[in-house]
Amino acid sequence: MSKKIAEAPLTYESAVSELEALVQQMETNQLPLELSLAAYKRGAELLKFCQQTLADVDQQVQILNDTHQLKPFSDQQ
């Protein structure tokens, strides 16, 4: 059995889309056990990528808020 190296997703959106497809396949029992395990592993990788991407974006927003002293929209009225 050859192992395929999973590619890193190009974007957050592509990772979420692939993750949703994997979950759907697993929930509908469309995969044999061995492929379910591979899908689970891939899903864990995608989840980690998405969590890291969101953490990075959150950090950037925090920096912008601190640097530019931005206020929530509702406070500007």
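A quick note: this is a predicted structure, and the numbers were derived from the prediction, not measured. (Residues numbered from 1 in each chain as written. Predicted model: local features only at pLDDT ≥ 70, side-chain atom pairs only at ≥ 80, totals over all residues. Heavy atoms only, no water.)

*Asks:* Can you explain the pattern of salt bridges? Please cite residues and give values.
*Replies:* Counted according to the given criterion, the structure contains two salt bridges. The shortest N-O distance in the salt bridge between Arg42 and Glu18 comes to 2.8 Å. In this pair, Arg42 sits in helix α2 (residues 33-68) while Glu18 sits in helix α1 (residues 12-27), placing the two residues 24 residues apart along the sequence. The exposure class of Arg42 is buried, given its relative accessible area of 13%. Judged by relative accessible area, Glu18 falls into the partly exposed class, the value being 30%. A salt bridge links Glu45 to Arg42; the shortest N-O distance between them is 3.4 Å. Note that Glu45 and Arg42 are positioned in helix α2 at a spacing of three residues, about one turn of the helix. (Salt bridge = Lys/Arg side-chain N within 4 Å of Asp/Glu carboxyl O. Helix = DSSP H or I, 4+ residues; strand = E, 2+ residues; numbered from the N terminus. Buried < 20%, exposed > 50% of the residue type's maximum accessible area, 1.4 Å probe, protein only.)

*Asks:* Provide a residue-level description of the packing of α1 against α2, including the pertinent values.
*Replies:* Remark: α1 packs on α2, axes separated minimally by 9 Å, with the N-to-C direction vectors making an angle of 150 degrees. As the angle between them shows, α1 and α2 are arranged roughly antiparallel. As α1 runs across α2, the sense of the crossing is left-handed. In this structure, α1 uses Tyr12, Ala15, Val16, Glu18, Leu19, Leu22 and Met26 to contact α2, whose residues at the interface are Ser36, Ala39, Tyr40, Arg42, Gly43, Leu46, Leu47, Phe49, Cys50, Thr53 and Leu54. Here the contact of α1 with α2 is built from residues that sort into 13 nonpolar, three polar and two charged. (Axes fitted to C-alpha atoms, helices over the stretch in contact; angles between N-to-C directions. Parallel < 35°, antiparallel > 145°, perpendicular 65-115°, else oblique. Left-handed = near helix turned anticlockwise from the far one by under 90°. Contact = heavy atoms within 4.5 Å. Nonpolar A, V, L, I, M, F, W, Y, C, P; charged D, E, K, R; others polar.)

*Asks:* Residue-level account of α2, with values.
*Replies:* With 36 residues, α2 should reach 52 Å at 1.5 Å per residue; the first-to-last C-alpha distance of 52 Å fits that figure. All of the buried residues in α2 are Ser36, Ala39, Arg42, Gly43, Leu46 and Cys50. Taken together, the buried residues of α2 touch α1. (Expected span 1.5 Å × (residues − 1).)

*Asks:* Tell me about the environment of Tyr12, and name the residues and values.
*Replies:* Relative to the helices and strands, Tyr12 resides in helix α1. Setting aside anything within four residues of it in sequence, one finds Tyr12 in contact with Phe49, Cys50, Thr53 and Leu54.

*Asks:* Give me the lowdown on the side chain of Ser36, citing residues and values where you can.
*Replies:* Structurally, Ser36 is set in helix α2. Taking the relative accessible area as the measure of exposure, Ser36 reaches 17% and is therefore buried.

In short, geometric facts, not functional conclusions.
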